[in-house]
Each structure stands twice: as C-alpha cells, then as structure tokens.
2 protein chains.
Amino acid sequence: MSEGCPVPETRVLAVASHVVSGYVGNKIAVFSMQSLGCDVAALNTVQYSYRQWTGSRVSAQEITDLYRGLKQSYLDDFDMMLSGYVPGAPALEAVGQIGLELKRKAKGKPGSFFWVLDPVMGDNGNLYVAPDVVPVYKSLVHHADLVLPNQFEAELLSDTKITDVSALANAIQIMHERYRIPHIIITSVSLPHPDHQEGSGPTLSVVGSTMTSDSRARAFKIVFPAIDCYFSGTGDMFAALMLVRMREAVWEHDQKIRRRKQEQGQNSDRDSNDILMTRDAWLSDDSVDALDLPLARAAEKVLASMHEVLTKTAENMQGAIEKVKREVAAAASEEGLVDGVKEGTDGSVSKEEAEKKMMHLLKSKAAELRLVRHLDSLRFPKVQFKATRLEV
Amino acid sequence: MSEGCPVPETRVLAVASHVVSGYVGNKIAVFSMQSLGCDVAALNTVQYSYRQWTGSRVSAQEITDLYRGLKQSYLDDFDMMLSGYVPGAPALEAVGQIGLELKRKAKGKPGSFFWVLDPVMGDNGNLYVAPDVVPVYKSLVHHADLVLPNQFEAELLSDTKITDVSALANAIQIMHERYRIPHIIITSVSLPHPDHQEGSGPTLSVVGSTMTSDSRARAFKIVFPAIDCYFSGTGDMFAALMLVRMREAVWEHDQKIRRRKQEQGQNSDRDSNDILMTRDAWLSDDSVDALDLPLARAAEKVLASMHEVLTKTAENMQGAIEKVKREVAAAASEEGLVDGVKEGTDGSVSKEEAEKKMMHLLKSKAAELRLVRHLDSLRFPKVQFKATRLEV
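Notes on the structure follow. The residue count restarts for each chain, going from 1 along the sequence in the order it is written. Lettering for chains starts from A, numbering for ligands starts from 1, and both go in the order in which the items are written. Since the coordinates come from a predicted model, pLDDT governs what is reported: local features require at least 70, and pairs of side-chain atoms require 80 or more to be given and counted, while whole-chain, interface and lining totals use all residues. Working from all heavy atoms in the structure, the side-chain values ignore hydrogens and water.

## Some details on the overall build of chain A
For chain A, the count of helices and strands is 11 helices and 12 strands. Think of it in three bands: with a 1.4 Å probe and only protein chains considered, a residue is buried below 20% of the maximum accessible area for its type, exposed above 50%, and partly exposed in between. Every one of the 392 residues in chain A was classed for burial, and the buried ones make up 58%. Total accessible area computed for chain A in this model is approximately 15,900 Å², and 50% of it derives from carbon and sulfur atoms. Counting from the N terminus, the helices are DSSP H or I runs at least four residues long and the strands are E runs at least two residues long. The Shrake-Rupley method, run with a 1.4 Å probe, gives the accessible areas here. Residue values count only the displayed protein chains as cover.

## Concerning helix H2 (residues 60-72) of chain B
All names here are of chain B. Compared with the 18 Å implied by 1.5 Å per residue over 13 residues, the 19 Å span of H2 between its first and last C-alpha is a close match. Restricting attention to buried positions, one finds in H2 the residues Ile63, Leu66, Tyr67, Gly69, Leu70 and Gln72. Once H2 finishes, Tyr74 follows within two positions and takes phi at roughly 55°, a positive value. How far a helix is expected to stretch is found by multiplying one less than its residue total by 1.5 Å.

## Quick look at the nonpolar core
Formed by 123 residues in total, the largest nonpolar core has its most connected members in Met33(A), Ile185(A), Met242(A), Met33(B), Ile185(B) and Met242(B). Looking at which element gives the most residues to this core, the answer is helix H8 (residues 294-335) of chain B, with 12 residues. Contact definition: two residues touch when any of their heavy atoms are within 4.5 Å. If we ignore the near neighbours within four places in the chain, the residues touching Met242(A) are Leu146(A), Leu148(A), Ile185(A), Leu295(A), Ala298(A), Ala299(A) and Val302(A). Nine residue types can take part in a nonpolar core, namely buried Ala, Val, Leu, Ile, Met, Phe, Trp, Tyr and Cys, and a core is a set of them joined through side-chain atoms within 4.5 Å.

## Things to note about the relation of the copies chain B and chain A
When the copies are superposed, the least-squares fit takes in the C-alpha atoms of residues with a pLDDT of at least 70 in both. Placing chain B over chain A gives an RMSD of 0.0 Å and needs a rotation angle of 180°, together with 0.0 Å of translation along the axis. The relationship between the two copies is best expressed as a two-fold rotation axis. Interface overlap between copies is the fraction of interface residues in one copy that are interface residues in the other; for chain B against chain A it reaches 98%, indicating a shared surface.

## Some points on the environment of Arg57(A)
All names here are of chain A. One can find Arg57 in strand S3 (residues 55-57). Through-space distance from the C-alpha of Arg57 to that of Gly88 is 9.9 Å; in sequence the pair is 31 residues apart. Contact partners of Arg57, with chain neighbours within four places excluded, come to Thr45, Val46, Tyr48, Glu62, Tyr85 and Pro87.

## Brief notes about the environment of Phe385(B)
Residue and element names in this part refer to chain B. The topology assignment puts Phe385 in the loop between helix H11 (375-379) and strand S12 (388-389). Look at Phe385 and you get buried, because its relative accessible area is 13%. Apart from the residues lying within four places of it in its own chain, the contact partners of Phe385 are Ile222, Val223, Phe224, Pro225, Glu300 and His307.

## Brief notes about the pattern of salt bridges
If charged atoms from side chains of opposite charge come close, those side chains can pair. Salt bridge criterion: a side-chain nitrogen from Lys or Arg within 4 Å of a carboxyl oxygen from Asp or Glu. Per the stated rule, a full pass over the model turns up 42 salt bridges over all chains. In this structure, Lys365(A) engages Asp77(B) in a salt bridge whose closest nitrogen and oxygen atoms are separated by 2.6 Å. Here Lys365(A), found in helix H10 (residues 351-366), pairs with Asp77(B), found in the loop between H2 and strand S4 (80-83), and the two come from separate chains. Taking the relative accessible area as the measure of exposure, Lys365(A) reaches 13% and is therefore buried.

## Notes on the sheet that holds S12(B)
Residue and element names in this part refer to chain B. We call two strands paired when DSSP finds no fewer than two bridges between them. Here we have 10 strands laid out as an open sheet, ordered S3-S2-S1-S4-S5-S8-S9-S10-S11-S12, and mixed in their pairing. Edge positions in the open sheet fall to strand S3 (55-57) and S12, since each of these has one partner strand only. Sheet topology note: the strand S1 (residues 11-19)/strand S2 (residues 39-48) ladder contains 8 bridges and is parallel. Following the sheet pairing, His18 is matched in S2 by Gln47. All axes are obtained by fitting lines to C-alpha atoms, using only the stretch in contact for helices, and the reported angles, taken between N-to-C directions, cover 0 to 180 degrees. Helix-sheet contacts for H2 involve S1, S2 and S3, and the interaxial angle to S2 is about 160°.

## Regarding the sheet that holds strand S8 (residues 146-147) of chain A
Residues and elements named next belong to chain A. Reading across from one edge, S3-S2-S1-S4-S5-S8-S9-S10-S11-S12 is the order of the 10 strands in this open sheet, with mixed pairing throughout. On the outer flanks of this sheet lie S3 and strand S12 (388-389), each paired with one strand and no other. Pairing geometry for strand S11 (residues 219-225) and S12, over 2 bridges, is antiparallel. Following the sheet pairing, Phe220 is matched in S12 by Arg389. Helix-sheet contacts for helix H6 (residues 165-179) involve strand S9 (183-189) and strand S10 (203-210), and the interaxial angle to S9 is about 150°.

## Some points on helix H5 (residues 151-158) of chain A
All names here are of chain A. In terms of residue burial, H5 counts as a mostly covered element, since 7 of its 8 residues are buried. Every buried residue belonging to H5 is among Gln151, Phe152, Glu153, Ala154, Glu155, Leu157 and Ser158, and all of these are buried. Looking at the buried residues of H5, the elements they touch are strand S6 (122-123), strand S7 (126-127), helix H4 (133-141), H6 and S9. For H5, the N-terminal cap is Asn150; the gap from its side-chain oxygen to the backbone nitrogen of Phe152 is 3.2 Å. Each polar contact in these results corresponds to two N or O atoms within 3.5 Å; when the atoms are within protein, one needs to be able to donate a hydrogen and the other to accept it, and residues that are neighboring in sequence are counted only if both atoms are side-chain atoms.

## A short note on the pairing of S4(B)
Residues and elements named next belong to chain B. Residues Met80 and Leu82 line one face of S4 and the alternating positions Met81 and Ser83 line the opposite face, and both faces are buried. When S1 meets S4, the two strands line up parallel, connected through 4 bridges. Along S4, the bridge assignment pairs Leu13 with Met81. Note: S4 against strand S5 (residues 114-117), 4 bridges, orientation parallel. Paired with Leu82 across the bridge in S5 is Val116. Looking down the strands as they point away from you, a crossover is right-handed if its path from the first strand over the helix to the second goes clockwise. Between S4 and its parallel partner S5, the chain crosses via helix H3 (residues 89-105), and the hand of that crossover is right-handed.

## Here's the deal with the interface of chain B and chain A
Taken together, the contact pairs 65 residues of chain B with 64 residues of chain A. Summing the contributions of chain B and of chain A, the shared interface buries around 5,600 Å²; its carbon and sulfur component is 49%. At the boundary of chain B with chain A, the tally comes to 8 salt bridges. There are 29 residue pairs in polar contact (both at pLDDT 80 or more) connecting chain B and chain A. Note: buried area is the sum, over both parts, of the accessible area (probe 1.4 Å) each one loses when the two are combined.

## Things to note about the packing of H5(A) against H6(A)
Residues and elements named next belong to chain A. Their axes nearest at 9 Å, the elements H5 and H6 cross at an angle of 50°. Taken together, the axis directions place H5 and H6 in an arrangement best described as oblique. Seen along the crossing, H5 lies across H6 with a hand that is left-handed. Of the residues in H6, those touching H5 at Ala154, Leu157 and Ser158 are Ala171, Ile174, Met175, Arg178 and Tyr179. In what follows, roughly perpendicular refers to angles from 65 to 115 degrees, roughly parallel to angles under 35, roughly antiparallel to angles over 145, and oblique to any angle outside these ranges. What makes a crossing left-handed is the near helix being turned counterclockwise from the far one by less than a right angle; a clockwise turn instead makes it right-handed.

## What about the side chain of Ser305(B)?
Residues and elements named next belong to chain B. Note that Ser305 resides in helix H8. Judged by its relative accessible area of 1%, Ser305 falls in the buried class. Setting aside residues up to four positions removed in sequence, Ser305 forms contacts with Met237, Leu241, Ser377, Leu378 and Pro381.

## Description of the environment of Asn316(B)
Structurally, Asn316(B) is set in helix H8. Remark: the alpha-carbon pair of Asn316(B) and Gln97(B), spanning 219 residues in sequence, is separated by 42 Å.

Take a look at the structure:
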C-alpha cells in the first residue's frame, strides 16, 4: 500500500452538496476521504456560497447526465459510494438510480460495491427536507449497505419514538428487519437519562449494529464527551470517515486471516469463505460478538478523529471570533457599519438585527471544522473511546 | 503553526473548473492546497463528468452571485487567490472583477493579498479558448502578483516567438515591463536546443523571474528530467503548489529576519522594511540575486513534489492500464463490446473507431495523477533539482 494510506486502492463516488467556503457536504467529505488515500469522484448536487445563501442546484437530469458521462468514459468502476444531502425528491431519486445501477453491476461479485447512505432529512425533531423526500429515502435504505441516521432520522426510518435505550435498540432491530440493512450507525445519540456517566460533564453516544444472517441486531455504543459548541459538517465528516475506516477494518480483518492461513500452510486464496471483502455487504459471521465487529473498530477510529478535530476547533474558536470581529470593525469604519449584511436584504432591517445577524455569521465562520490544519488527526487518530455493550 | 503545515493560516479563493472524476482544475488544486494546510474556498466555474464530456458551465452572473454570497457572510477575507481555467470571456471578466475587488480591498495593507493567475489559453501552439479570452487575460495580468503561463501562453502575453533562450529572456523582460507583473514562472519550457544536458535523456525546464523595482528581470531556471508520458492536470497542480510554497518561502525569509533581529536585540516588529510579507507583491530587495529569490525556493519544492508524483504515477500506469483492460473485457462479454463508447454518439461509429476511443479513454484514466496515494510527496518533497542561472 502507498505511504500512510490505511486502505487499498479505493474508488469512491461521493454525491452531496458543494459549498464554496466552509466545510460541509462534499467539501468536507471529499477532503476527508482523499486525505486517507481514496480516489474520490465528487458529484456535486448544488453549489452554494456558504450554507444556503446564494448559488444553484443541479437538476435531477444533470445528475443523471453527469453519471452517464462517467459511464461513457469507463469511470463508473466504483468500489464504494457515499450519498449525502440531495435537495428534493427528484434529485434524490436520480442519485438512488445511480446507487441501484452500481449495485446491479456488482451482482455476482459479492462485496465488490458498498453503499454508505446518509439519509439527510432533519435533526432534533425538525424535518429540513420536503416531506416527499422521506419515502424516497425509505425505498433506498433497502439497497444500501450502511446507513448513518441521526437520532431523529432513525425515528423516521423506524417509525418509532426513541425516548430511552430500549426504544433505541428496538428502532435498530426494526430497521435491520424492515430494510434488511446490514450496518447501522446512529450518530449523536442523546437520551434524557444518559446510560453512561463518568462524573465528568455531558456525554454523547454513537450506537452501531451489524445484523446477523437472520437480521438480529448486534449493537454496541461508544460514549464520548460532548463539546459545548455547535459545529456544522460533523455528520458529513463522520460519514466520509466511516466509509474509509469500515473498508480499513474489513481489510485488516482479511489480512489477519490471510496471514494465519499462510502460517498454517493453507491456501489463502480470495474465494475463501473467511474473507469478508468478498461477502455481500462484508457481513461478519453470526458468531462474531458486537464488540468485535469491523463496524465497531471503524467507529472507534472515526470518533477519535472527530474528537481531536472538534477539540482543536473549539480551542481555536475564541481567538478566531476576536480576529473576525476586528476585521469587520476595520471594514465597517471604511464602508459604514454592517453594509455587507444589509446588502441583498430589503433594506428595512434594523441596526440591531443586522448586528445580530453579523455576529451569528462570524460565529458560524469561527466554528468551521479545522480539518486542513490537523491532517494528522484524520490520518493517525489515537483511539480513546472504545465500544461497549449497549445494555438495554 | 499546526502539525506539518508549511504556511501560517492562509485563506485562499480558488476559481477554476470542477470535474467529478479525475484530477484537473480545482479538483487537483483544492486538494493540493488543503493538504498543505490552506483553508480553500472553491468556486467552481464548471462541473463536468470528466474533461469536457458532459456537464454544465456556471454563468458569469452565477460567479458574481456566488462571490456576493461570500461577501454577505463575511467570507471574503482572502489572503490569496488562484484563478485557473474559466470558460469564455464573460465568465473570465467576472472572475477578474473578483480579483480586482480583492486587490482594492487590500490597498493600504501591502502584501495582505496575493493573486496567482494561471492564464489558461492554450498549449503547443494551439489556442483552446475563444480568441476574445486573450485580451481579457492581458488586461488582468496587470493586476496579478504571479502569473504562470506555459511557453505558448508566454508567447501570447509577450507577443513574441520563443525560439531560444534569449527570446525566452526577452519575453520575460517584456512581460515585467508591459504588465508590471512582479513574479513570472514559465512552465514546461522546451526549446529545440536544450540549454542544459546531462547526458541522461530529455529534460524540461521551468524558468522563473521576480522583477526589481525598475522592472528588470531576475531570471533562473530549473532543469528536470522529462517523463515520456502525457499527464493532465500538471499545470493546475503546479500553480496550486506554487501558491503555497511562495507563501512558505516568503514566510521563512521573514522568520529568519525576525530571529536575527531578536538575536541582535532589535525590535522585530511587523512594520520592519525587511519583512517581505508586508511589502506589495512580496518583492525582494533589488540586491537579491535571482538564485536567492523566494520564487526560486518555491519552484524547487514544487518541482520536487511534481517529479515524485509524476514518477509514481508513471510507474503505476502500465499495471493500471492492464487492470482497466481486464475490467472492460469482462463488462464487454456481458453487455456486448464497447457499448459504453457507442452510447451517446450517432451510432454510426465503426468497431475500430470505438475500440480506439476506448483505449484512449483507458489511457487517460491510467494517467490520472496519483496525488491521494502519495500525500507525503506533496507535504514533504525532497528537493533534487536546484535553480541555476538562466544563461542568455
């Protein structure tokens, strides 16, 4: 393998939004996967300046055309796909068709294509896509290999309310059964009575499960300290890193098997039934415990990277806010206060409102994840938080 | 500074094309700069599948709107700008307006904004943009800090024919005088009588110059072995790395001055006249020799990275071609030969033509620069080829 790359050659199709400035959607996902050695084809579903301010969407037809363009150039040889935010049901359907086509193409070559689907629908009880997007996601989850809903999205997919750990376990079981979805990670689980307290501040959990051959859940959780700050793009970064680390964990598992067989003088050929990478959805044997799943190993590494980058971002934040405040003050003294904010609105906004908006923008900017300054946290994270059993 | 980042916090606006698959334009430039720690805002002027097959352009108006969106969110605080391929004169003019506005904003704060302009017009005697793009570039070069024409583009900008070293030196002198452009790098110089032979295969040169206060050229060359293979995206990668390494070289120069002053017990404050980063266009003193320019240090590092990545790409290429051949053969046996190529044409193409086109596509794919597998070549290149005097 090439220097420092945790995975063998991996060609990924990443379908999500593009922002000019900032780190959300494909902007953060593509860099995360590239920095870990993946060859990423980035199909951008929108181009916005920043969040949803100005810019334009790519139509369902354009998404289909871009994919056809890849096919015509023999560039549809993807090992994995990551699909994230897609605006609107027609565009999501177009993205779904791409996933389905890649799945079909891989039929007869089990494990040769793996689809990570981030069902971006909402958060904290609020839907932020059109309601007709929900049934499209529900139809696509049947075909994905790994889904990464947050707690609210898991509620939508399972049609249950997640109020405690046993409801959470139930939601996971429902999703495995209903959609036959092999791997699930529920990100940022926050329950009223945290199931794990170490006496040192608030925590969050990630809960994961890989199903058995008869669709039984094998669930684990990883508890980590919550950082009191709102960051954008964490879900996209999490999904992108999970894609890479899942492949790494499966690859490492298989390398171990190969080495052991070699030591025992056995043939270690690719068709061996012990090799996960040639199994449909890379599913572990039923005998494998939740805590020994490749999914658990992957999630531990991803959380380590996330925690390092978030901590460093938070440490830098106060200074960053002060810096932008000074810059804006300097600009204001030249051009008249908060002109930048007023421009583009109907002009009737009050000075207070404009200042409030300005501070909000400055804080958002200071909360941008500092990935590019902490590449080693992506590449060589130190695992601090280990998977434990999800006690129901 | 953060781990392994060669530059202080650097916020870059990169304006160029986006391809879903492959490594050209912003796709290669953004990753190159991010992997060296830059916070890059990526404004994509097109989204194509791959080269110019399918996809769409972003209009001049959309480019302007995207930039306005950044301003409204206080996200126009750029330290540097890289502008590359822009399709058509109106869009290029829109990009030029952004550069001019950022220049204006930086007036009174010398050195606080640095514009790297890659005047993408053609190569090897062929114009591959509309003829009305040429005068737009000529008007913009006046305002840039560093331009990176290839040999043909240098001919267009200087209105001279570059047939030998003295014509090359002349073209550089003309550009410095006509446009008052401070820094020039001419990439991939290939002259009929190579001015440097080490008896070991063909070579290429990069020729650079930083002008003096009276617009005299200070030219150097760096000679390196040519690799017999056509790669796409090398110009874009070169420009992106030059942007970062130029800032690094100037920063290192300034740090050395600061340390020396501190040792001598002098005040090392920012306004010192010895500090390049607070001078317009980071221009070195007239007394500085061509071989001691930050531009020369930067170009040496960039060429080291380029040579490592190109060498590794070429080494991998034959294997990559064999691999895709096998894949296509497998696909053909299922779906009927070369269907993928035929689709989208008028259907009248002969089998030979289709096969020829297929082989061309496969070779292009195998020639994609393998940046993501060789991150350390970007981050920690070993300088092998040093700047020498351009002897006229």
